[in-house]
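Per-entry structural report
Residues per chain are reported as follows:
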Amino acid sequence: SQTIHQWPATLVQPVGSPLSLECTVEGTSNPNLYWYRQAAGRGLQLLFYSVGIGQISSEVPQNLSASRPQDRQFILSSKKLLLSDSGFYLCAWSEGSGANVLTFGAGSRLTVL
Amino acid sequence: DAKTTQPTSMDCAEGRAANLPCNHSTISGNEYVYWYRQIHSQGPQYIIHGLKNNETNEMASLIITEDRKSSTLILPHATLRDTAVYYCIVRLGNTPLVFGKGTRLSVIA
């Protein structure tokens, strides 16, 4: 069966520090991968999605970036965090074709101080 | 932008059926209707999806009107653990899910 892992689960970082959140999927190949963010009291916002290694689509301009160095690995990064980057970050995956279900990870809660 | 309209919040008595409506009047012929829910501090959980026909699984039933401009998610016997934000999403093929504000369902003992 397929599983999705996200880490770290909780992170407290100072403004201006770098960020790296990692997501991996097991039990499938060539998945579509997604990063969403949920700010406090707000809805889920799609940040990035990827249909293959090295293929990243950005939905919202910001100081975040995403990379997919391996087929089942998706990384969310920032060189310098802002206060507004605080939120709940969720990774998700779906099969690479067809009208398939997105399965979400448990999330990473980032607090920028 | 989300293509659906949902009530902001609803209450439901424990053990009763919860009927959550969703309007998607601009849905196109090959867009599916998906329902997800998000329990506090967790990732969204898939519930059900459909194209034209009504669908049922172990979690819920999805009723889609004949003109496909609206749908209703039915939780047949709501429990306290069903308290969550429920999202109705229309989606074309394998495109990313775009979440709206959803309906906050409170199941009351």
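In the block above lies the structure referred to throughout.
My aim in this report is to walk through the structure given alongside it, one point at a time. Computed from a predicted model, the values in this text were never measured in an experiment.

1. Notes on the overall build of chain B
Counting its regular elements, chain B contains zero helices and nine strands. Along the chain direction, N to C, the helices and strands of chain B fall in the order β-β-β-β-β-β-β-β-β. Radius of gyration (C-alpha) of chain B: 13 Å, near the 13 Å computed for a compact globule of 109 residues. Classification of the 109 residues of chain B by burial places 44% in the buried group. Counting only carbon and sulfur atoms, one obtains 49% of the accessible surface of chain B, whose full area is about 5700 Å². Positive and negative charge centroids in chain B, built from 10 and 9 side chains respectively, lie 4 Å apart.

2. Things to note about the overall build of chain A
The helix and strand inventory of chain A stands at zero helices and 11 strands. Ordered by position from the N terminus, the helices and strands of chain A form the series β-β-β-β-β-β-β-β-β-β-β. The C-alpha radius of gyration computed for chain A amounts to 13 Å, which stays within 12% of the reference 13 Å derived for 113 residues, consistent with globular compactness. With the C-alpha coordinates of chain A rotated into their principal frame, the extents come out at 40 × 25 × 20 Å. Across the 113 residues in chain A, those meeting the buried criterion constitute 45%. For chain A, contacts bridging at least 24 residues in sequence account for 54% of all contacts bridging at least 6. Total accessible area on chain A stands at roughly 5300 Å², and carbon and sulfur atoms take up 52% of it.

3. Some thoughts on the pattern of salt bridges
Should their charged atoms come close, side chains of opposite charge can pair. All names here are of chain A. Taken as a whole and assessed by the stated rule, the structure comprises four salt bridges over all chains. Asp-71 is the partner of Arg-68 in a salt bridge, and the nearest nitrogen-oxygen pair spans 3.3 Å. For Asp-71, a relative accessible area of 21% gives the class partly exposed.

4. With respect to the sheet that holds strand 8 (residues 84–92) of chain B
All names here are of chain B. Read across the open sheet, the five strands follow the order 1-9-8-3-4; overall the sheet is mixed. Both outer strands of the open sheet, strand 1 (9–13) and strand 4 (45–50), are each paired with one neighbouring strand and no more. Each neighbouring strand pair of the sheet contributes to a mean axis angle of 25°, computed without reference to strand direction.

5. Brief notes about the sheet that holds strand 7 (residues 64–70) of chain A
Residues and elements named next belong to chain A. Strand order in this open sheet of four strands is 1-3-8-7, and the pairing throughout is antiparallel. The two strands at the open ends of the sheet, each matched to only one other strand, are strand 1 (3–7) and strand 7. The sheet shows a mean angle of 15° between the axes of neighbouring strands, direction not considered. Where strand 1 and strand 3 (residues 19–26) come together, five bridges link them in antiparallel fashion. Bridging across to strand 3, Gln-6 finds its partner in Cys-23.

6. A closer look at the environment of Ala-40 of chain A
Tracing the backbone through its elements, the reader meets Ala-40 of chain A in the loop between strand 4 (32–38) and strand 5 (44–52). Separated by 71 residues in sequence, Ala-40 of chain A and Thr-111 of chain A have C-alpha atoms that sit 10 Å apart.

7. Digging into the side chain of Ser-17 of chain A
Residues and elements named next belong to chain A. Its place among the elements puts Ser-17 in the loop between strand 2 (10–13) and strand 3. In terms of polar contacts, Ser-17 uses its side chain to reach the side chain of Gln-13, at 3.2 Å. Each residue touching Ser-17, except ones within four places of it in the same chain, is listed here: Lys-79, Lys-80 and Leu-81.

8. As for the packing of aromatic side chains
Using the criterion set out here, one finds 11 aromatic pairs over all chains in the structure. Each ring, one from Tyr-36 of chain A and one from Phe-99 of chain B, has its centre 5.6 Å from the other, and the planes form 90°; the classification is edge-to-face. Residue Tyr-36 of chain A is found in strand 4, and its partner Phe-99 of chain B is found in the loop between strand 8 and strand 9 (103–108); the two belong to separate chains. Comparing Tyr-36 of chain A with Phe-99 of chain B, the two get one shared label, buried. With a centroid separation of 6.4 Å and 55° between ring planes, the pair formed by Tyr-32 of chain B and Tyr-34 of chain B is classed as tilted. The exposure class of Tyr-32 of chain B is partly exposed, given its relative accessible area of 25%. Taken together, the ring pairs connect Tyr-34, Tyr-36, Tyr-49 and Phe-104 of chain A together with Tyr-36, Tyr-46, Tyr-87 and Phe-99 of chain B into an aromatic cluster. Note that Arg-109 of chain A overlies the ring of Phe-88 of chain A, its terminal NZ or CZ placed 4.4 Å from the centroid. The residue whose ring lies beneath Arg-91 of chain B is Tyr-34 of chain B, and the NZ or CZ to ring-centre distance is 5.1 Å.

Parameters at a glance
- Sequence order as written defines the numbering, with residues in each chain counted from 1.
- Chains and ligands are labelled by the order in which they are written, letters from A for the one and numbers from 1 for the other.
- Reporting in this predicted model follows two pLDDT cut-offs: at least 70 for local features of residues, and 80 or more for side-chain atom pairs to be given and counted; totals over whole chains, interfaces and linings ignore these cut-offs and use all residues.
- Hydrogens and water are ignored here; the side-chain numbers use all heavy atoms of the structure.
- In this text, helices come from DSSP runs of H or I with a minimum length of four residues, and strands from runs of E with a minimum of two, each type numbered from the N-terminal end.
- Using C-alpha atoms as the atom set, the radius of gyration is obtained and then compared with a globule rule of 2.2 Å times the number of residues to the power 0.38.
- Exposure classes here rest on a 1.4 Å probe applied to the protein chains alone. A residue is buried below 20% of its type maximum, exposed above 50%, and partly exposed in between.
- To measure how exposed things are, a 1.4 Å probe is used in the Shrake-Rupley method; for residues, cover is taken only from the protein chains shown.
- Note on charges: Lys and Arg go in the positive column, Asp and Glu in the negative column, and His and the chain ends are not counted at all.
- We put the charge of a Lys on NZ, of an Arg on CZ, of an Asp on CG and of a Glu on CD.
- Throughout, a residue-residue contact means that at least one pair of heavy atoms, one from each residue, lies within 4.5 Å.
- Just to be clear on terms, a salt bridge is a Lys or Arg side-chain nitrogen sitting within 4 Å of an Asp or Glu carboxyl oxygen.
- In short, DSSP must find at least two bridges between two strands for them to pair.
- Each axis is a line fitted through C-alpha atoms, and for a helix only the stretch in contact is used; angles between axes span 0 to 180 degrees, taken between their N-to-C directions.
- Here a polar contact means two N or O atoms within 3.5 Å. Within protein one must be a hydrogen donor candidate and the other an acceptor candidate, and residues neighboring in sequence count only if both atoms are side-chain atoms.
- For Phe, Tyr and Trp, rings pair up if their centres lie within 6.5 Å, where Trp contributes its six-membered ring, and each pair is then called stacked (planes under 30 degrees apart), edge-to-face (over 60) or tilted (otherwise).
- Charge-over-ring contacts are defined here by two conditions on Lys NZ or Arg CZ: a distance within 6 Å of the ring centre and an angle within 35 degrees of the ring normal.

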